[in-house]
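As a plain string of letters, each chain reads:
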Amino acid sequence: MGQRKIECTETITRREPADLREILKTSVVHFDREIVGEGMWSAVRDRLTEASPETTLWESENDYRFSGFLMKLVGLLMPGAFRKQSQQHMQDFKAFAEQRKDVREATD
């Protein structure tokens, strides 16, 4: 997050349908994950649906919970930072999916 590095463990808790190779146009793909790091826990629920033959609608819900005084204070005083970081991850994935851009190669 910005200049600060944080190590987290991400666990996929739901991927539906399990086989993503042959998805019906009327299907909704669910991809849920849990992210745990020092002083924080997050649940992310993503839904992908076909909006048109060339467009996918990606809806993402993020729930953050904090433990410890410092992380609770950061969550209270800077809620926009977590929304901004989630938006950046979505934009990075969009660049990867559409342009095969590897955001790990970017320099700050």
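What counts and what doesn't
Residues numbered from 1 in each chain as written. Predicted model: local features only at pLDDT ≥ 70, side-chain atom pairs only at ≥ 80, totals over all residues. Heavy atoms only, no water. Pairing = 2+ DSSP bridges. Helix = DSSP H or I, 4+ residues; strand = E, 2+ residues; numbered from the N terminus. Salt bridge = Lys/Arg side-chain N within 4 Å of Asp/Glu carboxyl O. Buried < 20%, exposed > 50% of the residue type's maximum accessible area, 1.4 Å probe, protein only. Axes fitted to C-alpha atoms, helices over the stretch in contact; angles between N-to-C directions. Patch = residues over 30% accessible without salt bridge, like charges linked within 9 Å, V, L, I, M, F, W, Y side chains within 5 Å. Areas by Shrake-Rupley, 256 points an atom, 1.4 Å probe, with all protein chains shown as cover. Phe/Tyr/Trp six-rings, centres within 6.5 Å; stacked < 30°, edge-to-face > 60°.

Run through the pairing of strand S2 (residues 29-37), naming residues and quoting values.
Direction of pairing for strand S1 (residues 8-16) relative to S2: antiparallel, over a ladder of eight bridges. Counterpart to Ile 12 in the pairing with S2 is Arg 33. One ladder, built from nine bridges, connects S2 with strand S3 (residues 40-52); its direction is antiparallel. By the bridge assignment, His 30 is partnered in S3 with Arg 47. In this antiparallel pair of consecutive strands, S2 and S3, the connection spans two residues, and Gly 39 shows a positive phi of 80°.

Describe the pattern of salt bridges, naming the residues involved and giving the relevant values.
One pass over the structure, following the stated rule, counts ten salt bridges. With its nearest N and O atoms 3.4 Å apart, the salt bridge here joins Arg 14 to Glu 16. The class for Arg 14 is partly exposed, based on a relative accessible area of 30%. Of the charged contacts, one joins Arg 47 and Glu 59 as a salt bridge, the two residues approaching to 4.0 Å between their closest N and O atoms. A residue pair is termed long-range when its members are at least 10 positions apart, and Arg 47 in strand S3 and Glu 59 in strand S4 (residues 55-66) qualify at twelve residues. A residue is classified by how much of its surface remains accessible, and Glu 59, at 35% relative accessible area, is partly exposed. Here the salt bridges do not stand alone but share partners, grouping Arg 45, Arg 47, Glu 59 and Glu 61 into one network.

Talk me through the sheet that holds S3; I want residue IDs and the actual numbers.
Read across the sheet, four strands follow the order S1-S2-S3-S4 without closing on themselves; strand pairing throughout is antiparallel. A single partner strand is all that each edge strand has here, and the edge strands are S1 and S4. Across the sheet, the axes of successive neighbouring strands diverge by a mean angle of 15°, strand direction being ignored.

How would you sum up a nonpolar patch on the surface? Please name residues and give values.
Together, Phe 69, Leu 73, Leu 76, Leu 77 and Met 78 make up a nonpolar patch on the protein surface, roughly 580 Å² of accessible area in all. Residue position: Leu 77 is located in helix H1 (residues 69-77).

Can you explain the packing of aromatic side chains? Please cite residues and give values.
Counted under the stated rule, the structure contains five aromatic pairs. Ring centres of Tyr 64 and Phe 66 lie 6.4 Å apart, and the angle between their planes is 0°; this geometry places the pair in the stacked category. Here Tyr 64 falls in the partly exposed class, since its relative accessible area comes to 27%. By relative accessible area, which is 22% here, Phe 66 ends up partly exposed.

I'd love a proper account of unusual backbone geometry, names of residues and values included.
Of the consecutive residues Glu 16 and Pro 17, the connecting peptide bond is found in the cis state with omega at 0°. In this fold, Pro 17 is placed in the loop between S1 and S2.

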